[in-house]
Amino acid sequence: MDNSFAVIGLGKFGRSVAIELTNTGADVLAIDIDKERVHSVADFVTCAVAVDVRDTEAMDTLGLSNMDAVVIAITGKLDISILATIYAKDAGVGTVVCKAQDETHKKILEKLGADQTIMPEHETGIRLARKLSNRRVINFMEISDKLKMIEIDVKNNWVDKTLRELDLRNKENLNVIAIRKDTSSEYEVNPSPDIKLTNNMTMLITCDVKDLDKLV
């Protein structure tokens, strides 16, 4: 089954993930013990079911092993989050993404084999702080402890030069993922090395954390 996902836990975060995945054209199975939450999302996803994660027989009927990835968006009850993670890993799901409430929760989930753990509130706070602390930064995302992806204004000394001339990968240790003419335009992915940069342009780049302060 291609582009198939399951989202377990339909709070605000889980619900938004399930609906957005569906909007991308994926098949999405939405799961929660709360029937009202399941009903609220049923019209927006491929399938929505009310199931208690602790009911292994009911979980076995869902076919999680066929999913490309499972998102576990449960943080209110640590034991349920742990059970869901164990179940997904035992089912052989290739990618298990878990929402963590705090660092302790994150470490537990990682020990259980979660392929990716996220703390949305924490990561949103980091992005906000980065944006407030430096006006050059438009968007900021932590890919890992070392690798960051940010969108920045074109620096003054880059204006009227091409990406080929700047050779940012070798000279600045930066990888240019996309550019756009201004913040209201669409991204141009894998831009031509001969495109000339202007004052209004922004650049989406990845860089090592050690190069971040020098960049901004």
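Residues numbered from 1 in each chain as written. Predicted model: local features only at pLDDT ≥ 70, side-chain atom pairs only at ≥ 80, totals over all residues. Heavy atoms only, no water.

### Some remarks on the overall build of the protein
Thought 1: Secondary structure assignment for the protein yields nine helices and eleven strands.
Thought 2: Considering only intrachain contacts with a sequence separation of at least 6, the fraction spanning at least 24 residues in the protein is 53%.
Thought 3: Here the protein has roughly 12,300 Å² of accessible surface; of this, 48% comes from carbon and sulfur atoms. (Helix = DSSP H or I, 4+ residues; strand = E, 2+ residues; numbered from the N terminus. Contact = heavy atoms within 4.5 Å. Areas by Shrake-Rupley, 256 points an atom, 1.4 Å probe, with all protein chains shown as cover.)

### What about unusual backbone geometry?
Thought 1: Residue D167 is not a glycine yet carries a positive backbone phi of 50°.
Thought 2: Under the relative-accessibility criterion, D167 is labelled partly exposed at 28%.
Thought 3: Look at N173: it is not a glycine, yet its phi comes out positive at around 60°.
Thought 4: Relative to the assigned elements, N173 resides in the loop between α8 (168-171) and β9 (174-180). (Buried < 20%, exposed > 50% of the residue type's maximum accessible area, 1.4 Å probe, protein only.)

### With respect to the sheet that holds strand β3 (residues 47-50)
The strands making up a sheet are joined through hydrogen bonds of the backbone, oriented either antiparallel or parallel.
Thought 1: Strand order in the open sheet formed by six strands is β3-β2-β1-β4-β5-β6, and the pairing between neighbours is parallel. With one partner strand each, in any of the chains shown, β3 and β6 (116-118) form the two edges of the open sheet. Strand after strand, the sheet turns through a mean of 15° between neighbouring axes, direction not considered.
Thought 2: Strand direction decides the pairing type here: strand β1 (residues 4-8) and strand β2 (residues 27-32), joined by five bridges, are parallel. Considered in β2, the bridge of A6 is made with L29.
Thought 3: Docked against the sheet, helix α1 (residues 12-23) engages β1, β2, β4 (69-72), β5 (95-99) and β6, running at close to 165° with respect to β1. (Pairing = 2+ DSSP bridges. Axes fitted to C-alpha atoms, helices over the stretch in contact; angles between N-to-C directions.)

### Section: the pattern of salt bridges
Thought 1: According to the stated counting rule, one finds six salt bridges in the structure shown.
Thought 2: The partner of R37 in a salt bridge is D32, with the nearest N and O atoms 3.6 Å apart.
Thought 3: Taking relative accessible area as the criterion, D32 reaches 7% and is therefore assigned buried. (Salt bridge = Lys/Arg side-chain N within 4 Å of Asp/Glu carboxyl O.)

### Side note on the nonpolar core
Thought 1: Ranked by size, the top nonpolar core spans 24 residues in total, and within it I8, L64, V70 and I72 carry the most contacts.
Thought 2: Those elements that provide at least two residues to this core are β1, β2, β4, α4 (78-90) and β5.
Thought 3: With four residues, the top contributor of residues to this core is α4.
Thought 4: Beyond its immediate sequence surroundings of up to four residues, V70 is in contact with A6, I8, L64, A88, V93, T95, V96 and V97. (Core = buried A, V, L, I, M, F, W, Y, C linked by side-chain atoms within 4.5 Å.)

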